[in-house]
Amino acid sequence: MEDFKKSLKMPLFGNTFSPKKIPPRKSASLSSLHTLDRSTREVELGLEYGPPVMNIGGQSWKFEDGQWLTESGGNGSGRELQRLKKRNVQLEEENNLLKLKIEILLDMLTETTVEYHMMEKEVEEIKTQHRRKK
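Residues numbered from 1 in each chain as written. Predicted model: local features only at pLDDT ≥ 70, side-chain atom pairs only at ≥ 80, totals over all residues. Heavy atoms only, no water.

Participant: Outline a negative patch on the surface, supporting the account with residue identities and numerical values.
Facilitator: A grouping of Glu 103, Asp 107, Glu 111 and Glu 115 is seen on the molecular surface, where their side chains present a negatively charged patch. Take Glu 111: it is sitting in helix α3 (residues 77-133). (Patch = residues over 30% accessible without salt bridge, like charges linked within 9 Å, V, L, I, M, F, W, Y side chains within 5 Å. Areas by Shrake-Rupley, 256 points an atom, 1.4 Å probe, with all protein chains shown as cover. Salt bridge = Lys/Arg side-chain N within 4 Å of Asp/Glu carboxyl O. Lys, Arg positive; Asp, Glu negative; His and termini not counted. Charge placed at Lys NZ, Arg CZ, Asp CG, Glu CD. Helix = DSSP H or I, 4+ residues; strand = E, 2+ residues; numbered from the N terminus.)

Written out as structure tokens, the structure is:
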């Protein structure tokens, strides 16, 4: 039994932990293009930067102002549709704001009407009390 306990205490691979040294990392890019400025890269590689364009199902899409827009044959119906949708959203927001303002005004009118009726009632009570005294 003691031999078994001693065998548990003895480490299998030695007492000390010594990891292998890691070799230094290689450069992230072996290309020297990152050292060139934009105009030199454009001349060297012939790159023209612009909005991304893709063709899906025979329809051309262009990414502008944070949205994908269709480039239909030149009549601009895709752009017009996007513009109308954006205008529709603006008008709906304005309509909701106006509805809220009307609701607030109606609440104010109701409150004022109640106050008026209460004051009118008080005036009538004062008149009746004044008539009784005479």
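After that view of the structure, there is still more to cover.
Participant: Please set out the sheet that holds strand β2 (residues 59-64) residue by residue, giving values where relevant.
Facilitator: Spatially, three strands are ordered β1-β2-β3 in an open sheet, and the strand pairing comes out antiparallel. Looking at which strands have only one partner, the edges of the open sheet turn out to be β1 (53-56) and β3 (67-70). The mean inter-strand angle of the sheet, taken between neighbouring strand axes irrespective of direction, is 35 degrees. (Pairing = 2+ DSSP bridges. Axes fitted to C-alpha atoms, helices over the stretch in contact; angles between N-to-C directions.)

Participant: Describe a nonpolar patch on the surface, naming the residues involved and giving the relevant values.
Facilitator: Taken together, the side chains of Leu 97, Leu 100, Ile 104, Leu 105 and Met 108 define a hydrophobic patch exposed on the protein surface, amounting to about 490 Å² of accessible area. With respect to the helices and strands, Leu 100 occurs in helix α3.

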